Amino acid sequence: MGVYHAGSRAVQDRVGVRDLADHVGRSIGQAIRPVAAAFLELQPLLVLGAADPATGRVWASPLTGAPGFARATGPRRLSVAAGVEPADPLAAALATEGTHVGTLALDPRTRRRMRLNGRLRPTARGFTVEAGQVFSNCPKHLQRRRSYETVARTPGPRRRTGELTPAQREFVEAADTFFVATVHGRGADVSHRGGNPGFVRAASPRELSWRDYPGNAMFLTLGNLAADPRAGLLFLDWTTGAVLQLTGEARTEFAPGGERRVRFTVTEAVETPSAVPLRWSAPEYSPANPDPAG
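As the structure is a prediction and not an experimental result, all values here were calculated from the model. (Residues numbered from 1 in each chain as written. Predicted model: local features only at pLDDT ≥ 70, side-chain atom pairs only at ≥ 80, totals over all residues. Heavy atoms only, no water.)

1. Some points on the overall build of the protein
As a reminder, the rule being used: Elements are defined by DSSP. Helices are runs of H or I of four residues or more, strands are runs of E of two residues or more, and each kind is numbered from the N terminus. Note that the radius of gyration is over C-alpha atoms, with the globule rule given as 2.2 Å times the number of residues to the power 0.38. Each residue gets one of three labels from its accessible area relative to the maximum for its type: buried under 20%, exposed over 50%, partly exposed in between, using a 1.4 Å probe on protein chains only. When checking whether two residues touch, look at their non-hydrogen atoms; a contact exists if any pair is within 4.5 Å.
Looking only at helices and strands, one finds six helices and 17 strands in the protein. Taking 19 Å as the expected radius of gyration for a compact globule of 294 residues, we find that the protein reaches 18 Å, a close match to that expectation. Along the three orthogonal principal directions, the C-alpha set of the protein runs to about 50 × 45 × 40 Å. The buried share among the 294 residues of the protein stands at 51%. Long-range pairs, those at least 24 residues apart, make up 69% of the contacts in the protein with a sequence separation of at least 6.

2. Focus on the pattern of salt bridges
Definition in use: Counted as salt bridges are all cases of a side-chain nitrogen of Lys or Arg within 4 Å of a carboxyl oxygen of Asp or Glu.
This structure, assessed with the given rule, holds 17 salt bridges. Of the charged contacts in the structure, one is a salt bridge between Arg146 and Glu284, with a shortest N-O distance of 2.5 Å. One end of the pair, Arg146, is in the loop between β7 (127–137) and β8 (148–150); the other, Glu284, is in the segment after β17 (278–280), with 138 residues separating them in the sequence. A residue is classified by how much of its surface remains accessible, and Glu284, at 35% relative accessible area, is partly exposed. Between Arg160 and Glu268 there is a salt bridge, with its nearest N and O atoms 2.7 Å apart. Taken together, the residues Arg160 in strand β9 (residues 159–161) and Glu268 in strand β16 (residues 260–272) connect sequence positions 108 residues apart. Arg160 gets classed as partly exposed once you look at its relative accessible area, which sits at 43%. According to the relative accessible area criterion, Glu268 is buried, its value standing at 13%. A network of salt bridges, in which partner residues are shared, links Glu207, Arg251, Glu253 and Arg263.

3. Observations regarding the side chain of Thr103
Among the secondary structure elements, Thr103 is positioned in strand β5 (residues 100–107). With sequence-adjacent residues up to four places away left out, Thr103 is seen in contact with Leu46, Val47, Leu48, Leu78, Met114, Arg115, Leu116, Asn117, Val129 and Val190.

Structure representation (structure tokens):
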């Protein structure tokens, strides 16, 4: 079975990068190499993406722990000694054996990130993921945050709404980073999107959009959306630990000049104050970030 499914191939062909995608796709494997295993054990944050088995809605959720809480315990096995709160939108998915899950380990200190996608198995301490895809991404559009501290926080009550509040729209438009979870017929994936504040626009309480900046030419996220429009977004306040999770559907618009814009329609929003016990230093924006007004 190839690295890419029909959705990714369709986008690659439309943009004219199939040959480049084939070259870059050789970096996708199933084994967790020693350098990747060492990277994982240093991370206090892991982002997960999956579909809720009951509703089919796609969500992205953060998991945190002392470095080493997520580590390789076999050539293809990621073991995570943590779980989400019972009220988290992904709680049912993480308790269901065989769930397709995407994971992303991102280190703002070094501007490195790696993705591991596969099937989940619940364990007494958390869960494991048997890897089907393992690969790293370039640091493009990833903001550097040089340090973090772990602070004592008690998550506030979750607020569920069918659209964004005015304060949530302001939060989204001030973001320099968010995560997007997508799915396709044989898997799930979670990826990073970054830019200078303002790169995400909240046009209304039910719709937001962002420009799709040039990346690695694989088009895994846009390819998934071409095959299945369901998506989940995760916005994180890197100082207060507040989390905003959105689920809905997304579509990609291709402009004649080559610019791409993704439009996301909100089905449900979940806001949790003080959800993440990490406080990061101020960002240093990536020099690759375009002017969001452009």
